[in-house]
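Geometric and topological summary
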Amino acid sequence: MKSVNNQVVFITGGAHGIGAEAARRLHRKGAKLVLTDLDEVQLKAVADELGGDRVLTVAADVRDLEAMEAAAAAGIEKFGGIDAVVANAGIASYGSVLGVDPAAFRQVIDVNLVGVFNTVRATLPSIIDRRGYVLVVSSLAAFTAAPGMLPYDASKAGAEHLANALRLELAGRGVAVGSAHMSWIDTALVRDTKKDLSTAAEMLAKLPWPLNKTTSVGACADAFVKGIEKRSVRVYCPGWVGAFRWLKPLLSSPFAEAQIGKQAGELMPRMDAEVAALGRSTSSYTKGIEKG
């Protein structure tokens, strides 16, 4: 296990949720932090909370490669380099293929997949120079598809494969690459979805144990920090998520898909009706950040 004391960790989506909570834990362990997010106000609040000169915040959009390169350059200028990067920024959308706004689909792919590429691309030269660590935040969704979550599922499956390919590309260069896979975490993303769509809450409640359980942000942040310290190839939260990587062929079998499809056939029209009534295919938080 490698101590994070004096290590420079670059985190996207660092103003809220898992990113901010991981930053708090890393800071307590002596790490230096470069935090990026679209929410400049909350970024400042996190920096003020942590205090000291070991935190640099940069308001930047992960969809903008030049902005991410500028954020990485600012971190290198302040701290001398970057030892680890956590490509954490992520969003979700609402509705089926026929119900989701196509612009929301593109937005999810751009943030969750293109944003990961941009984050890695911007920080990788320094990571290679320091023989550091890359953690790409994927999801349990990379292992098992869920109706009504197609953009999110596709982006997170892509993020996992990006991490896998990057690991092969960097073999022999002293850089470790991992992917993080979480189930339902008590973030604004999950809370907003359940609040906005009764069908999403209903679908979650019908899932078998432990798939219907929600894990705290703190527990997820702990898993991230441990993964960074261990330079883990995969980070799971909760731990049982790891079993689904091996169960993936079974989950996509005709039998399993028939069970899920039966439930989806009843839920999807109702979900799309709820999305249409909302007048948006993303959470109010995501919509507000975009306008900001």
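What you see is a predicted model; the values in this text were computed from it and never measured.

Bringing the pattern of salt bridges into the picture now. Enumeration over the complete set of coordinates arrives at 13 salt bridges. Asp 61 is paired through a salt bridge with Arg 63; the nearest N and O atoms lie 2.8 Å apart. When the shortest N-O distance is used, the salt bridge between Glu 202 and Lys 206 registers 3.1 Å. With Glu 202 and Lys 206 both in helix 7 (residues 198–206) and 4 residues apart, this pair spans about one turn of that helix. Accessibility expressed as a relative area gives 23% for Glu 202, which makes it partly exposed. What makes Lys 206 partly exposed here is its relative accessible area of 46%.

Before going further, it helps to examine the environment of Glu 66. Within the secondary structure, Glu 66 sits in helix 3 (residues 65–79). Judged by its relative accessible area of 63%, Glu 66 is exposed. On a C-alpha basis, the gap between Glu 66 and Leu 50 in space is 27 Å, while along the polypeptide they are 16 residues apart.

Now for the nonpolar core. Side chains of nonpolar character tend, in soluble globular proteins, to be buried together. If you look at the biggest cluster of nonpolar residues, it comprises 33 residues, and the most contacted ones within it are Leu 26, Leu 33, Met 182 and Phe 224. Among the nonpolar cores identified, the runner-up in size contains 32 residues, and Met 68, Leu 124, Val 134 and Val 175 belong to it.

The next subject is the packing of aromatic side chains. In this structure the tally under the stated criterion is 1 aromatic pair. The ring of Trp 246 is capped by Arg 245, whose NZ or CZ atom sits 4.6 Å from the centre of that ring.

To continue, consider unusual backbone geometry. A cis amide bond links Trp 209 to the next residue, Pro 210, at an omega of 5 degrees. On the secondary structure map, Pro 210 appears in the loop between helix 7 and helix 8 (217–230). Look at the link from Cys 237 to Pro 238: it is a cis peptide, with omega at -10 degrees. Summarising the element assignment, Pro 238 is placed in the loop between strand 7 (234–237) and helix 9 (241–251).

When the UniProt feature table is mapped to this numbering, "domain: Ketoreductase" (unreviewed entry) covers residues 7–187. Secondary structure across residues 7–187 comprises 48% helix and 18% strand; the distance between its end C-alpha atoms is 27 Å.

Compared with an ideal rise of 1.5 Å per residue, which puts 12 residues at 16 Å, helix 1 (residues 17–28) spans 17 Å between its outermost C-alpha atoms and is within 8% of the ideal. Taken across its 12 residues, helix 1 has 10 buried, putting it largely inside the fold. For helix 1, the complete set of buried residues consists of Ile 18, Gly 19, Ala 20, Glu 21, Ala 22, Ala 23, Arg 24, Arg 25, Leu 26 and His 27. Contact partners of the buried residues in helix 1: strand 1 (8–12), strand 2 (32–37), helix 2 (40–50), strand 3 (55–59), strand 6 (176–182) and helix 8. Downstream of helix 1 by one or two residues, Gly 30 has phi in the positive range, about 95 degrees.

This paragraph deals with the pairing of strand 5 (residues 133–137). For strand 5, the tally of buried residues reaches 5 of 5 residues, placing the bulk of the element in the interior. The alternating pattern of strand 5 places Tyr 133, Leu 135 and Val 137 and Val 134 and Val 136 on opposite faces, both of which are buried. Both strand 4 (residues 84–87) and strand 5 contribute to a ladder of 4 bridges, which runs parallel. Its bridge partner lying in strand 5, Ala 84 is registered against Tyr 133. Read as a crossover between parallel neighbours, the route from strand 4 over helix 4 (residues 102–129) to strand 5 is right-handed. Pairing between strand 5 and strand 6: 5 bridges, direction parallel. In the strand pairing of strand 6, Tyr 133 is matched with Ala 176.

Moving on: empty space enclosed by the protein. In the structure shown here, the tally under the stated rule is 1 cavity of 30 Å³ or more. Estimated volume of the largest cavity: approximately 90 Å³. For the largest cavity, the full set of lining residues is Lys 2, Ser 3, Val 4, Gln 7, Val 9, Asp 83, Ala 84, Gly 132, Tyr 133, Ile 228 and Arg 231.

In this section: the side chain of Ser 93. Take Ser 93: it is sitting in the loop between strand 4 and helix 4. Classification of Ser 93 by relative accessible area gives buried; the value is 7%. Setting aside residues no more than four positions away along its own chain, Ser 93 makes contact with Val 100, Ala 104, Val 108, Gly 148, Pro 151 and Ser 281.

Basis of the calculations
Residues numbered from 1 in each chain as written. Predicted model: local features only at pLDDT ≥ 70, side-chain atom pairs only at ≥ 80, totals over all residues. Heavy atoms only, no water. Salt bridge = Lys/Arg side-chain N within 4 Å of Asp/Glu carboxyl O. Helix = DSSP H or I, 4+ residues; strand = E, 2+ residues; numbered from the N terminus. Buried < 20%, exposed > 50% of the residue type's maximum accessible area, 1.4 Å probe, protein only. Core = buried A, V, L, I, M, F, W, Y, C linked by side-chain atoms within 4.5 Å. Phe/Tyr/Trp six-rings, centres within 6.5 Å; stacked < 30°, edge-to-face > 60°. Lys NZ or Arg CZ within 6 Å of the ring centre and 35° of its normal. UniProt positions renumbered as here; feature names shortened; annotations may be inferred. Expected span 1.5 Å × (residues − 1). Contact = heavy atoms within 4.5 Å. Pairing = 2+ DSSP bridges. Right-handed = clockwise from strand over helix to strand, strands pointing away. 1 Å grid on protein atoms, 1.4 Å probe; cavity = no way out; pocket = protein on both sides within 12 Å on 5 of 7 lines; lining within 4 Å. Points joined across faces, edges and corners; volume = space filled by probe spheres on them.

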